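Per-entry structural report
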Amino acid sequence: MPSAESKPKTLYDKVFSDHIVNEQEDGTCLIYIDRHLVHEVTSPQAFEGLTNASRKVRRPDCTLVTVDHNIPTSSRKSFKNAAEFIKENDSRLQCTTLEQNVKDFGLTYFGMGDKRQGIVHIIGPEQGFTLPGTTVVCGDSHTSTHGAFGALAFGIGTSEVEHVLATQTLITRRSKNMRVQVDGELPAGVTSKDVVLHIIGVIGTAGGNGAVIEFCGSVIRGLSMEARMSMCNMSIEGGARAGMIAPDEITFEYLKGRPLAPKYGSAEWNKATAYWSGLKSDPEAKYDIEVFLDGKDIVPTISWGTSPQDVVPITGVVPGPDDFEDENRKLSCKRALEYMGLTAGTPMKDVVVDKVFIGSCTNARIEDLRAAAKVVKGRKIASNIKRAMIVPGSGLVKEQAESEGLDKIFTDSGFEWREAGCSMCLGMNPDILSPKERCASTSNRNFEGRQGAQGRTHLMSPAMAATAALVGKLADVREHSVPSPVLAKASPKIDVQPEVDSPETEDELDRVLDQPADNEPHTNSSAGGGSSTGLPKFTTLKGITAPLDRANVDTDAIIPKQFLKTIKRTGLGSALFYELRYTDDKENPDFILNQGIYRNAKILVVTGPNFGCGSSREHAPWALLDFGIKCIIAPSFADIFFNNTFKNGMLPVVVSDEAALQKIAEEARAGREVEVDLVNQEVKDAQGNKIVSFDVDGFRKHCLVNGLDDIGLTLQMESKIRTFEAKRTLDTPWLDGSGYLRRDRRGATMVEAAPVPKTNRGDVKNEPLEW
Ligand SMILES: CC(C)[C@H](C(=O)O)[C@@H](O)C(=O)O
Ligand code: SF4
């Protein structure tokens, strides 16, 4: 419930403080997590950790699992099971490992035979699992999507996934508050995707580092929930931990009748909406960063380079290094032009496209498909388009689109109509670009190699991608057809049957009292007793330091997608910086880690900002560690990567003093050792002379120096967590698993998910979950 403190608060402050289980003096907080989404890529090592420590999942009723990244999107007409259907060995193993884990841990799972399966960020909202005012996490950076509901939703690494599974809490710190206000009205043909691409162009991919963005203003208020989700989805591309939009009538309307939302019209619904209505920033609330934009200045926007900040209006030209003042950006521009095969000054509309991908957690909802269908209806894709794909975000989106005849519109014009999954957004499955192919894509990342080695991605809205398919080049939707912006009223719902009545018989007190007492067996077998020593200690580190002169190094570059299919944490050193270290599987002699002493580097010094941006993959620190690098020094880091390093006993050191950073880089280039002294918080040269001091959070330092593992520490807070849970049940009873997530009140016996009357395999009465 809204806190009684009088200081004006932002929406983020309110949701954050409502979830604090414990706060330390240095600002380290233990926060309760209401909703945990799990997928196959970032969970195997977490479940393995639980198994090794004989821990259980604390709240199966607050955990929802699906497969999305690895699965083929080809027809499932003959689908029997994942083991037979998925041909690629590593992908199959990752999916079958997930299936074994959901069985072993008693979790609710939407597998490939369940029409509710889909991209994790599409199914949460669709099912009403995502609710206003909740904390939502997933081992996936685009968890920010769920912030569209006024939830505090953010991506976490695999160690944190394990922490949440075991404790239903996370150790974190407060973020900065950032406000992005877009007022006025959007011109015709401009969608929320254009707005968010435009914003990222303005603030840059590091613009939101350390912050949670609140999107507000009349343009945002006028957007449908789906359009809001596309915006919050890409907050991570703006460097922010999360994006949030205050819930309103549009939010409540969207939630009515969703299987896991409080039942519309019930006392619980009324109580919930009363609470949700208070979830808005106080008028006097202060923000650390503010950006104000006018909707009328935004035009259909498209990316030209290899970072989501490389955007221009479709009416613009490809920029050149001279268009940038910053040295890092000049360098990145030069490299991006080369990679993208573009020449500065070329009109964007002259750029010829090979493939079109309409899908991803940014733009694969029903409104996105409707917008694209409106453009292509009755027309054919251009003859130079080698492949155009529509990949619905979930089985339910697919079903809805088919009921509206959209599939027919697409296939008539030459598109492929696929099954739900991440698909060519990152190409962990068979949907990939060939080298040098150029793709008009509705996804969110245009990093090098993202959609396939040497593939070239241009980000845009669904209407723009559809237009590119018709024209065969990047094209302006306004010159070919003008779909109206997706406003709130244009947002009819999809049918998310089956709706399941959750019994509402117990009174609130009974539910609280029925919680097992501290000394009773609990879902978490090791409650209160976990080991708190698990990592090697980090005090000082002295060694060869490799210099890297790059900005915005993304985690796709640190470890490309093909290596994420492992179910282990180890052995990834050979994959580190794979695309940079190897050309056609041969070592690239120009890359620093292939040169002499740097093959044994223990420290990496990066001279450009925002190291580790993009995906939440903890495989990035694992690969660095496996290579031998335990410490990274950079002017700034992306938030999730920064967190993930600590969880692995590694140290990220922020050196924002340019002269000091250059001095460290000089030592590194000269092949002299550098020493990082965590105890005294100093970086020194080989002789032990101090180069610079650095800051580090007290709690994190304590854990590193003593080799403490978070889960063990958190489990010592068991009674505080239980008190929080009891209060949560009283204040917000709708957050305890309802519908098919409901569990026996002692948490011992699992209640199976509600049957799906009709699956992708045809009509099957009362079919249980796949497993
Ligand atoms: C696999 C996962 C860790 C990753 C992410 O966090 O974003 C993926 O979804 C992506 O888009 O790169
Ligand atoms: S960004 Fe792409 S790969 Fe990542 S969750 Fe979304 S659709 Fe899947």
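Residues numbered from 1 in each chain as written. Chains lettered and ligands numbered in written order. Predicted model: local features only at pLDDT ≥ 70, side-chain atom pairs only at ≥ 80, totals over all residues.

**Focus on the overall build of the chain**
Tallying secondary structure elements over the chain gives 26 helices and 31 strands in all. Among the 771 residues that make up the chain, the fraction classed as buried is 57%. (Helix = DSSP H or I, 4+ residues; strand = E, 2+ residues; numbered from the N terminus. Buried ≥ 20, exposed ≤ 12 C-beta atoms within 10 Å, placed from the backbone.)

**Considering the site of ligand 2**
In the vicinity of ligand 2, the contacting residues are D68, H69, I119, D140, H142, S360, C361, C422, C425, L426, S443 and N444. Tallied by class, residues from the shell around ligand 2 come to five nonpolar, five polar and two charged. When residues of the shell around ligand 2 are sorted by domain, at least three fall in each of domain 1 (11-174 + 247-280) and domain 2 (301-478). (Near = placed C-beta within 6 Å. Nonpolar A, V, L, I, M, F, W, Y, C, P; charged D, E, K, R; others polar. Domains from an automatic or database assignment.)

**Topic: the sheet that holds strand β7 (residues 152-155)**
Pairing is parallel in the open sheet, where five strands are placed in the order β5-β4-β3-β6-β7. Looking at strand neighbours, the two that pair on one side only are β5 (108-110) and β7, the edges of this open sheet. Taken over all neighbouring pairs, the strand axes of this sheet differ in orientation by 20 degrees on average, direction set aside. Inspection of the sheet shows strand β6 (residues 135-138) paired to β7 by four bridges, in the parallel sense. (Pairing = 2+ DSSP bridges. Axes fitted to C-alpha atoms, helices over the stretch in contact; angles between N-to-C directions.)

**Focus: the domain arrangement of the chain**
Bring the parts together and some accessible area is lost; that lost area is often taken as the interface size. Partitioning the chain into structural domains gives domain 1 (11-174 + 247-280), domain 2 (301-478) and domain 3 (540-706). Computed over C-alpha atoms only, the centres of domain 1 and domain 3 are separated by 30 Å. Each partner contributes to the interface: domain 1 provides 23 residues, whereas domain 3 provides 18 residues. Elements with a minimum of two residues in the side of domain 1 that touches domain 3: α2 (44-52), α4 (89-105) and α6 (158-167). Examining the composition of the side of domain 1 that touches domain 3, we find that five residues originate from one element, α4, more than from any other. Considering only residue class, the side of domain 1 that touches domain 3 consists of four nonpolar, 14 polar and five charged. (Contact = placed C-beta atoms within 7 Å.)

**Description of the environment of S615**
Inspection of the secondary structure assignment puts S615 in the loop between β24 (603-606) and α21 (619-627). For the pair S615 and I156, spaced 459 residues apart in sequence, the C-alpha separation works out to 9.7 Å. Ignoring sequence-local partners within four residues, the contact set of S615 consists of S141, T555 and D556.

**Thoughts on helix α14 (residues 395-403)**
In terms of residue burial, α14 counts as a mostly covered element, since seven of its nine residues are buried. Of the positions making up α14, those classed as buried are G395, L396, V397, K398, E399, Q400 and A401. Lining the buried residues of α14 we find α5 (120-127), α13 (366-376) and α15 (406-413). Directly beyond the C-terminal end of α14, a positive phi value near 80 degrees is found at G405.

**Examining the site of ligand 1**
Neighbouring ligand 1 are the residues V41, T42, H69, D140, S141, H142, G155, L426, L564, S615, S616 and R617. Per-class residue counts for the shell around ligand 1 are three nonpolar, seven polar and two charged. Here the shell around ligand 1 spans two domains, and each of domain 1 (11-174 + 247-280) and domain 3 (540-706) adds at least three residues to it.

**Concerning the sheet that holds strand β19 (residues 456-459)**
Spatial ordering of the open sheet is given by β17-β16-β15-β18-β19, a layout of five strands whose pairing is parallel. Looking along the sheet, the strands with just one partner apiece sit at the ends: β17 (416-417) and β19. When strand β15 (residues 355-358) meets strand β16 (residues 387-390), the two strands line up parallel, connected through four bridges. By the bridge assignment, I358 is partnered in β16 with I390.

**Considerations on the UniProt feature "domain: Aconitase A/isopropylmalate dehydratase small subunit swivel" (unreviewed entry) in the chain**
In this structure's numbering, the residues bearing the UniProt feature "domain: Aconitase A/isopropylmalate dehydratase small subunit swivel" (unreviewed entry) are residues 536-657. The span residues 536-657 is 20% helical and 20% strand by assignment, and the distance between its end C-alpha atoms comes to 30 Å. (UniProt positions renumbered as here; feature names shortened; annotations may be inferred.)

**Overview of the pairing of strand β29 (residues 690-693)**
One ladder, built from three bridges, connects strand β28 (residues 682-685) with β29; its direction is antiparallel. When the bridges of β29 are listed, V683 appears paired with V692. Connecting the antiparallel pair β28 and β29 is a turn made up of four residues, with G688 showing a positive phi of about 90 degrees.

**Digging into the nonpolar core**
Ranked by internal contacts, the top residues of the largest apolar core, which has 161 residues, are V356, A372, A465, A468 and A469. The greatest single-element share of this core, amounting to eight residues, is contributed by helix α16 (residues 462-471). By size, the runner-up hydrophobic cluster in this structure holds 54 residues, among which are L572, F627, V676 and V683. (Core = buried A, V, L, I, M, F, W, Y, C linked by C-beta atoms within 7 Å.)

**Looking at unusual backbone geometry**
A negative phi holds for most residues other than glycine; trans holds for most peptide bonds. Positive phi, normally seen in glycine, also occurs at F577, with a value near 50 degrees. For F577, the position within the fold is in the loop between α19 (555-558) and α20 (578-581). Residue classification places F577 among the buried residues on the basis of 21 C-beta atoms within 10 Å. The backbone of N610 shows a phi angle near 65 degrees, a positive value even though the residue is not glycine. Here N610 shows up in the loop between β24 and α21.

**Description of the packing of α13 against α16**
Axes are the key here: two packed helices are described by the angle between their axes and the distance separating the axes. Closest axis-to-axis distance for the α13/α16 pair is 8 Å, and the angle between their directions is 30 degrees. Relative to α16, the element α13 is oriented roughly parallel. Between α13 and α16 lies a crossing whose hand is right-handed. On the side of α13, the interface is formed by D368, A371, A372, V375 and V376, while α16 contributes P462, A463, A465, A466, T467, A469 and L470. (Parallel < 35°, antiparallel > 145°, perpendicular 65-115°, else oblique. Left-handed = near helix turned anticlockwise from the far one by under 90°.)

**Overview of the environment of Q662**
Along the chain, Q662 turns up in helix α23 (residues 658-669). Q662 sits 455 residues away from G207 along the chain, and the two C-alpha atoms are 23 Å apart.

**So, the environment of A46**
Assignment of secondary structure puts A46 in helix α2. Each C-alpha atom of the pair A46 and V164 lies 9.6 Å from the other, and the pair is 118 residues apart in sequence. Apart from the residues lying within four places of it in its own chain, the contact partners of A46 are T158, V161, E162 and L165.

**Remarks on helix α9 (residues 225-233)**
Across the nine residues of α9, nine count as buried, placing the element largely inside the fold. Buried within α9 are the following residues: M225, E226, A227, R228, M229, S230, M231, C232 and N233.

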